[in-house]
Amino acid sequence: MRIGIVGPTHPYKGGGAQHTTELAHRLTALGHDVVIESWRAQYPSFLYPGRQTISEPEGEPFPNARRDLDWRRPDGWVRCGRRLRGADLVVLVLLSPVQVPAYLGILYGLRRRTRVVALCHNVLPHERKPYDRPLVKALLRRVDQVLAHSQEQAEVARGLAAAPVNVAALPPHLPARAMVKSAGGVRNRLLFFGMVRPYKGLDLLLRALARVPGVSLTVAGEFWGGLDETRALIAELDLGERVELRPAYVASEDVPGLFAEADALVLPYRSATASQNAWLGHEHGLPVIATRVGALADHVTDGVDGLLVEPGSVEALTEAVDRFYAEGEPERLRQGVKAVDPDPFWAAYATALLSSGEPGGPQGPSSVRRRG
């Protein structure tokens, strides 16, 4: 089968680019002829207040990739569609409604010559603008199939799409692990990792931390809306000596050392769809304290390899941190951590993506396999 994937890949960074690249590798390994149509310029810079590209790839780059798409060039969108007319399947990777005008241009160029799947990382953004819903609806009513990463997201898609909606759990697309040995023992330090946005609940974690003496926190990642509010909250809570801010994108080669300095990864999200971060914590041997939102709860076994708490509650987070640092608990939970086996997830994912478009579809492996 000839497959065209339209989405970000290196030099773009982050989970979306990593997923697109790994998907192309996995489909190629199954014997398909795959091309990635990627971006020269994906968004206006004012819409993404962070670093968009990196010099060193996160994983193995996909060799058959073009980087011609530009948000400023509608003629290029149509040309891309024309190039893909000979494909058996075109996959449009939806990360933001901002991509939709380009995808509509690609569909115009395709002239319905091939089957099109909208692969939705988020059907709608966590923090929405008035134009998000009509844009996404315009796209999902013009494709042949939608692939969502959870039943919750599938229901959102069904409210917008005319096409069948399949569900497949987001498979692991983790960077290759570089072994960095922890100094051992309990460090009394937690880690918040990744892009800092309001829905991820860093403010809740800071307020909980203020109630638990003797525990420090590292916050590593880009700040979506700037640092001022976070710095003000740290000062208000008198946490200046206990919170280390590393406000920049963390390159993949720096991740192992960062995780080795912490006792646990904390994901205090108010809401979530699918996330790799719990798996990333386990990949580096860390227990995970997470809220019961989206797929986060599916990736953590409460009391075995981490702790689960209700979302949106400073009290629940405070109790979880207290529980985690009970005598012997950090060591016990660390012993329960095993890295996830990605293969069954990718097998189910490929089946859902390549299916004939019937509603439902595979949702992922029946049980999560771990690498011991």
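Details of the structure are given in the entry above.
Residues numbered from 1 in each chain as written. Predicted model: local features only at pLDDT ≥ 70, side-chain atom pairs only at ≥ 80, totals over all residues. Heavy atoms only, no water.

(A) Representation of a positive patch on the surface in the model. Residues Arg 128, Arg 133, Lys 137 and Arg 141 make up a contiguous surface patch of positive charge. Looking at the element boundaries, Arg 133 is found in helix H4 (residues 132-140). (Patch = residues over 30% accessible without salt bridge, like charges linked within 9 Å, V, L, I, M, F, W, Y side chains within 5 Å. Areas by Shrake-Rupley, 256 points an atom, 1.4 Å probe, with all protein chains shown as cover. Salt bridge = Lys/Arg side-chain N within 4 Å of Asp/Glu carboxyl O. Lys, Arg positive; Asp, Glu negative; His and termini not counted. Charge placed at Lys NZ, Arg CZ, Asp CG, Glu CD. Helix = DSSP H or I, 4+ residues; strand = E, 2+ residues; numbered from the N terminus.)

(B) Quick peek at helix H3 (residues 100-110). With respect to burial, H3 is a largely interior element, eight of its 11 residues being buried. Following H3 by one or two positions, Arg 111 has its phi on the positive side, about 55 degrees. (Buried < 20%, exposed > 50% of the residue type's maximum accessible area, 1.4 Å probe, protein only.)

(C) Here's a closer look at the sheet that holds strand S1 (residues 2-6). The sheet built from seven strands is open, its strands ordered S3-S2-S1-S4-S5-S6-S7 with parallel pairing. Bordering the open sheet on either side are strand S3 (65-70) and strand S7 (165-167), each of which pairs with just one other strand. On average, each strand axis in the sheet is tilted by 25 degrees relative to the strand beside it, whichever way the strands run. Sitting on the sheet, H3 is in contact with S1, strand S2 (33-41), S3, strand S4 (89-94) and strand S5 (115-120), with an inclination near 170 degrees to S4. (Pairing = 2+ DSSP bridges. Axes fitted to C-alpha atoms, helices over the stretch in contact; angles between N-to-C directions. Contact = heavy atoms within 4.5 Å.)

(D) Fine view of the packing of aromatic side chains. The final tally for this structure, using the stated rule, is six aromatic pairs. A ring pair is formed by Phe 193 and Phe 259, whose centres lie 5.3 Å apart and whose planes are at 70 degrees; its orientation type is edge-to-face. One end of the pair, Phe 193, is in strand S8 (residues 189-193); the other, Phe 259, is in helix H8 (residues 255-260), with 66 residues separating them in the sequence. Overall, Phe 259 belongs to the buried group, its relative accessible area being 1%. Where Trp 279 meets Phe 345, the ring centres are 5.0 Å apart and the plane angle is 70 degrees; that geometry is what we call edge-to-face. (Phe/Tyr/Trp six-rings, centres within 6.5 Å; stacked < 30°, edge-to-face > 60°.)

(E) View of the sheet that holds strand S13 (residues 306-309). Here six strands make up an open sheet; going across it, the order is S10-S9-S8-S11-S12-S13 and the pairing parallel. Of all the strands in the sheet, the pair left with one neighbour each is strand S10 (243-246) and S13. Averaged over all adjacent pairs, the angle separating strand axes in this sheet is 20 degrees, with direction ignored. Of the strands in this sheet, S8, strand S9 (216-220), S10 and strand S11 (264-267) touch helix H6 (residues 202-209), which is tilted by about 165 degrees from S9. Packing against the sheet, helix H11 (residues 314-324) makes contact with S8, S11, strand S12 (288-291) and S13, and its axis sits at approximately 160 degrees to S13.

(F) Examining unusual backbone geometry more closely. Omega for the bond connecting His 10 with Pro 11 falls within 30 degrees of zero, at 15 degrees, which places this linkage in the cis form. At Arg 111, a residue that is not glycine, the phi angle is positive and equals roughly 55 degrees. Structurally, the position occupied by Arg 111 is in the loop between H3 and S5. Residue classification places Arg 111 among the partly exposed positions, given a relative accessible area of 44%. If you check the backbone angles, Asp 238 has positive phi at about 55 degrees while not being a glycine. Tracing the backbone through its elements, the reader meets Asp 238 in the loop between helix H7 (228-236) and S10.

(G) Spatial organisation of the nonpolar core. Judged by nonpolar contacts, the single largest core of 56 residues is most densely connected at Ile 5, Leu 92, Ile 106, Leu 139 and Leu 140. Within the second largest apolar cluster, 33 residues are counted, among which are Leu 202, Val 215, Ile 234 and Val 314. (Core = buried A, V, L, I, M, F, W, Y, C linked by side-chain atoms within 4.5 Å.)

(H) Examining the pattern of salt bridges more closely. Taken as a whole and judged by the stated rule, the model has 22 salt bridges. We note a salt bridge from Glu 37 to Arg 66, for which the minimum N-O separation is 3.9 Å. Of the two residues, Glu 37 sits in strand S2 while Arg 66 sits in strand S3, which places them 29 residues apart along the sequence. Given the relative accessible area of 2%, Glu 37 is considered buried.

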